[in-house]
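Chain by chain, the residues:
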Amino acid sequence: MAENEAKREVERAVIIGSGPAGWTAAIYLSRANLSPIVYTGAEVGGQLTTTTEIENFPGFPNAKDGPELMADMEEQAKRYGARVVYEEIEGVDFSTRPFVLRAGGGTVKAHAVIISTGASPRMLGLESEKTFWSRGVHTCAVCDGGFYRGKTVAVIGGGDSAMEEATYLAKLCEKVYVVHRRDELRASRIMAERAMATRNIEFVWNSVVEEVLGDTESGPFPKMTGLKLKNRKTGEQSTLAADGMFLAIGHIPNSGFLQGALETDDAGYVTVTGAQQTSVEGVFAAGDIHDHVYRQAITAAGFGCKAALEVERYLVRQGLAD
Ligand code: NAP
């Protein structure tokens, strides 16, 4: 009896984060009658709420609005009994059992945890970048490249992501500039060579973006027209005409709140096994918080599903599923 009382004070599964990985995990766990609780974080719905049309999520032949897709996932999770707390988890203690999570001035205890806090694209930090966000300025070519068919775009960065984005965009766009702050790429040789061999990709070396240029007056939406660049070697300023800019200057995993409670790689991505298990048994991770390779809504949802199934197995193994 006392044990049951104690169990009721402890959540069976807490999901941290409310992107496609988190909501998918919530749908699976609630359908398994495990009554998960989702802590959404400050940005409810995650990165997808900052995009417009999503054309590559299966099941929506006419595309789907990003915020709408996330709201639908939330509704679906709630329909099966997921509870939602619109707060951020500020800290964790995974050294005790049950685990202790800090949020909103209080704590919550949990037998199992899924971390799905995602990653945030690194931005340049320019005011104009915000003005043209999603209307010229993007961070995912696979998501938003389709809006620039036959147009001219600039990709910013010199790593593998920049090469991949540029090569992808070159198939859709008339012209792709790669603007890199040095005269040497960070990208792997094979990715760099592929981009360099592409007819309509042109490299702009030693250059940084000082401002995103465009028209904010003549229509209901701002329209990007180009970039103000500065050459870091000569100090010379120039204007590059472009309809869009894709930032590929890296991502920052949202793992700061973990403060060393779990194993991460040097960049802060949580390390997981094939079963989404982190370095702490009972703590799982799903989505962009561990995956810096695929980073798609559909892969994040898949990882969320895997993590939920693994949580279920874990709770059953531990005799904590009831
Ligand atoms: P990354 O390797 O860290 O490269 C970031 C690039 O952005 C660098 O060239 C960097 O310039 C530049 N940059 C960073 N901050 C900047 C700023 N404020 N202004 C201008 N430029 C800035 O990141 P990534 O390309 O996203 O790759 C991340 C990881 O994923 C890597 O391990 C990569 O190999 C891997 N990845 C693999 C594939 C693949 O194999 N298919 C595809 C994508 C990514 P500097 O070079 O001057 O530092």
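Every value quoted in this text rests on a predicted model; they were computed, and no experiment measured them.

*Asks:* Explain the pattern of salt bridges to me, and be specific about the residues and the numbers.
*Replies:* If you walk through the whole model with that rule in mind, you get 10 salt bridges. When the shortest N-O distance is used, the salt bridge between Lys64 and Asp72 registers 2.7 Å. A salt bridge links Lys233 to Asp183; the shortest N-O distance between them is 3.1 Å. A residue pair is termed long-range when its members are at least 10 positions apart, and Lys233 in the loop between strand S15 (223-231) and strand S16 (237-241) and Asp183 in the loop between strand S12 (175-179) and helix H7 (189-196) qualify at 50 residues.

*Asks:* How would you sum up the state of the cysteines? Please name residues and give values.
*Replies:* Summed over the entire model, instances satisfying the criterion amount to one disulfide. Through a disulfide, Cys140 is tied to Cys143; the S-S separation comes to 2.1 Å. Its S-S torsion of approximately 75 degrees makes the covalent link between Cys140 and Cys143 right-handed. Residue class for Cys140 comes out buried when judged on its relative accessible area of 17%. This cysteine, Cys173, is not joined by any disulfide, and Cys140 carries the nearest cysteine sulfur, 13 Å off. Judged by its relative accessible area of 6%, Cys173 is buried.

*Asks:* Give me the domain arrangement of the protein: which residues, what numbers.
*Replies:* Here the protein is described as being made up of domain 1 (3-120 + 251-317) and domain 2 (123-247). Each of domain 1 and domain 2 was reduced to a C-alpha centroid, and the two centroids are 32 Å apart. When domain 1 packs against domain 2, close to 760 Å² is buried across both sides, 40% of that on carbon and sulfur atoms. Between domain 1 and domain 2 we count one residue pair in polar contact (both at pLDDT 80 or more) in total. Considering only residue class, the side of domain 1 that touches domain 2 consists of no nonpolar, five polar and three charged.

*Asks:* Account for helix H8 (residues 297-318), naming residues and giving values.
*Replies:* Here H8 is 22 residues long and its end C-alpha atoms lie 31 Å apart, about the 32 Å a rise of 1.5 Å per residue gives. Taken residue by residue, H8 has Ala297, Ala300, Ala301, Phe303, Gly304, Cys305, Ala307, Ala308, Glu310, Val311, Tyr314 and Leu315 as its buried positions. Those residues of H8 that are buried lie in contact with strand S1 (11-16), helix H2 (20-31), strand S8 (106-115) and strand S19 (283-285). Positive backbone phi, approximately 70 degrees, marks Gly319, located one or two places after H8.

*Asks:* Can you lay out the site of the ligand for me, pointing to particular residues and giving the numbers?
*Replies:* For the ligand, the set of nearby residues contains 16 residues, the closest of which are Asp160, Ser161, Arg181, Arg182 and Arg186. For the ligand, an oxygen atom lies 3.3 Å from a polar atom in the backbone of Gly159. Here an oxygen atom of the ligand and a side-chain polar atom of Arg181 are 2.9 Å apart. With the chains in place, 72% of the 920 Å² that the ligand exposes on its own is no longer accessible. For the shell around the ligand, the leading source of residues is helix H6 (residues 160-170), giving three residues. Residues of the shell around the ligand, tallied by class, amount to four nonpolar, seven polar and five charged.

Cut-off values and rules
Every chain is numbered on its own, with residues counted from 1 as its sequence reads. In keeping with the model being predicted, local features are shown solely for residues with a pLDDT of at least 70 and side-chain atom pairs are shown and tallied solely at 80 or more, while totals for entire chains, interfaces and linings include all residues. Only heavy atoms go into the side-chain values, all of them from the structure, while hydrogens and water stay out. Think of a salt bridge as a Lys or Arg side-chain nitrogen and an Asp or Glu carboxyl oxygen that are within 4 Å of each other. Helix and strand definitions here come from DSSP, where helices need a minimum of 4 consecutive H or I residues and strands a minimum of 2 consecutive E residues; each element is numbered from the N-terminal end. Disulfides are defined as cysteine sulfur pairs within 2.5 Å. Between buried and exposed lies partly exposed: a residue is buried under 20% and exposed over 50% of the maximum accessible area for its type, with that area taken using a 1.4 Å probe on protein chains only. Note: domain ranges come from an automatic or database domain assignment. Note on definitions: buried area is the accessible-area loss of two parts on being combined, 1.4 Å probe, summed for both. Here a polar contact means two N or O atoms within 3.5 Å. Within protein one must be a hydrogen donor candidate and the other an acceptor candidate, and residues neighboring in sequence count only if both atoms are side-chain atoms. Three classes are used: nonpolar for Ala, Val, Leu, Ile, Met, Phe, Trp, Tyr, Cys and Pro, charged for Asp, Glu, Lys and Arg, and polar for all others, with Gly counted as polar. A helix is expected to span 1.5 Å for every residue after the first. We call two residues in contact when some of their heavy atoms are within 4.5 Å. For this purpose, a residue is taken to be near a molecule or strand whenever a single non-hydrogen atom of the residue falls within 4 Å of it. Reported accessibility uses the Shrake-Rupley method at a 1.4 Å probe radius. Residues are deemed covered only where the shown protein chains occlude them.

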